[in-house]
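Take a look at the letters that make up each chain.
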Amino acid sequence: MAAIPIDEPRPRETPLTWSSFEPRCFGVEMLPIPVDPEPRSFVDVLRSRHSVVGNPVDRGRIAELLWHATGTKGHAPAGRAGMPVEWRAAPSAGGLHPISIVCIPETIINDSVLLYDPREHAYMNLDVDQNTIVATNTADVAAVVNNPHGYTLRLIADIEKTGAAYENPITLVFRDVGCLIGTLCLCAEWLGLTACPLGFLGQSMVTALGFPEPRFHAVGGVQ
């Protein structure tokens with residue numbers, strides 16, 4: 001079987017410059033740190049986890065999931081390539097964690113499109129066309145799982161962040177997102193939620209969500 005040609009990622013001898021980016025937001029909601037659920041063995045979580053889309057879920061339960069699965073547990077101002085690094089449940093190349101999570105509800109009645117801040121454990125309200133984003137997302141999800149109920153977690157990667165520290169960064173970014181999706185799904189099962197990885201990247205939504213291309217690339221999602 002012929003090998004797939006892939007340029008090997010490797011640390012840059014001379015890192016590139018990088019600066020953080022945040023899409024336009026119009027408000028911040030600080031979230032309470034959730035308490036741990038009733039004890040449950042990891043073996044039980046592993047045996048019970050499977051991909052399924054369930055019923056509607058409120059933003060509080062999503063915040064609980066995001067805190068356990070992606071919340072920042074520690075950080076340092078400079079690490080790989082002199083950039084800030086963080087420690088979270090899911091591993092990331094160089095501790096860079098280049099993937100942002102956008103939370104899209106199935107309706108904007110009493111809700112909005114949110115960007116999760118894992119350092120502050122906060123929701124930021126994205127300044128976007130809310131109705132269009134929700135309608136487009138519902139159609140995208142329905143096309144792959146036939147059930148748009150619940151929240152959609154859209155994963156958007158800052159390719160330049162990993163690229164500042166590594167040559168040929170794209171496979172590192174996709175390994176990062178694989179770890180992140182696995183952690184989200186295991187934590188969802190642990191918390192009594194259902195979760196299903198989505199069969200699309202979602203690049204058509206990146207600009208609409210306020211992230212400039214080609215710097216930012218959609219890398220999938222979880223329903």
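This write-up is about the structure you can find in this document. (Residues numbered from 1 in each chain as written. Predicted model: local features only at pLDDT ≥ 70, side-chain atom pairs only at ≥ 80, totals over all residues. Heavy atoms only, no water.)

### Details of the nonpolar core
Next up, step 1: In this structure, Leu-65, Leu-66, Cys-103, Tyr-123, Leu-153, Leu-155 and Leu-184 are the most contacted members of the largest nonpolar core, which totals 32 residues.
Next up, step 2: Going through the elements one at a time, α2 (59-70), β5 (99-104), β6 (114-117), β8 (152-158), α5 (170-190) and β10 (216-222) are the ones with two or more residues in this core.
Next up, step 3: The dominant element in this core, judged by the number of residues it contributes, is α5, at 8 residues.
Next up, step 4: The residues contacting Leu-184, other than those within four sequence positions of it, are Leu-65, Leu-66, Ala-69, Thr-70, Leu-153 and Val-222.
Next up, step 5: Val-102, Ile-133, Leu-209 and Phe-216 belong to the second-largest nonpolar core, a separate cluster that totals 16 residues. (Core = buried A, V, L, I, M, F, W, Y, C linked by side-chain atoms within 4.5 Å. Buried < 20%, exposed > 50% of the residue type's maximum accessible area, 1.4 Å probe, protein only. Helix = DSSP H or I, 4+ residues; strand = E, 2+ residues; numbered from the N terminus. Contact = heavy atoms within 4.5 Å.)

### Details of the pairing of strand β7 (residues 122-126)
Next up, step 1: A large share of β7 lies buried, amounting to 5 of its 5 residues.
Next up, step 2: Side chains Ala-122, Met-124 and Leu-126 project from β7 onto one buried face, and the interleaved Tyr-123 and Asn-125 project onto a second face that is buried too.
Next up, step 3: In this structure, strand β2 (residues 25-30) lies alongside β7, joined through 4 bridges in antiparallel fashion. Its bridge partner being in β7, Cys-25 is matched across the sheet by Leu-126.
Next up, step 4: Of the pairings in the sheet, the one linking β6 to β7 comprises 4 bridges and is antiparallel in character. Residue pairing in the sheet places Leu-114 in a bridge with Asn-125 of β7.
Next up, step 5: Counting the residues that bridge the hairpin from β6 to β7 gives 4 residues, and of these His-121 lies at a positive phi of roughly 50 degrees. (Pairing = 2+ DSSP bridges.)

### Comments concerning the packing of aromatic side chains
Next up, step 1: Scanning the model with the defined rule gives 4 aromatic pairs in all.
Next up, step 2: Measuring from ring centre to ring centre gives 6.4 Å for Phe-21 and Phe-211, while their planes differ by 55 degrees; the resulting arrangement is tilted. Of this pair, Phe-21 sits in the loop between β1 (10-11) and β2 while Phe-211 sits in the loop between α5 and β10, placing them 190 residues apart in sequence.
Next up, step 3: Judged by its relative accessible area of 2%, Phe-211 falls in the buried class.
Next up, step 4: Aromatic pair Phe-21 and Phe-216: ring centres 5.5 Å apart, planes at 50 degrees, arrangement tilted. (Phe/Tyr/Trp six-rings, centres within 6.5 Å; stacked < 30°, edge-to-face > 60°.)

### Remarks on the layout of surface pockets
Next up, step 1: In this structure, the largest pocket spans a volume of roughly 700 Å³.
Next up, step 2: Lining the largest pocket are 31 residues, with Arg-88, His-97, Ser-100, Pro-118 and Lys-161 positioned closest to its centre.
Next up, step 3: Broken down by secondary-structure element, the contributors of at least two residues to the lining of the largest pocket are α2, β4 (85-87), β5, β6 and α5.
Next up, step 4: When the residues that make up the lining of the largest pocket are grouped by side-chain class, the tally is 18 nonpolar, 5 polar and 8 charged.
Next up, step 5: For the second largest pocket, the calculated volume is near 230 Å³.
Next up, step 6: If you trace the second largest pocket, you find 19 residues lining it, with Val-57, Ile-62, Leu-193, Thr-194 and Gln-223 closest to the centre.
Next up, step 7: Contributing elements (two or more residues each) for the lining of the second largest pocket: α2 and α5. (1 Å grid on protein atoms, 1.4 Å probe; cavity = no way out; pocket = protein on both sides within 12 Å on 5 of 7 lines; lining within 4 Å. Points joined across faces, edges and corners; volume = space filled by probe spheres on them. Nonpolar A, V, L, I, M, F, W, Y, C, P; charged D, E, K, R; others polar.)

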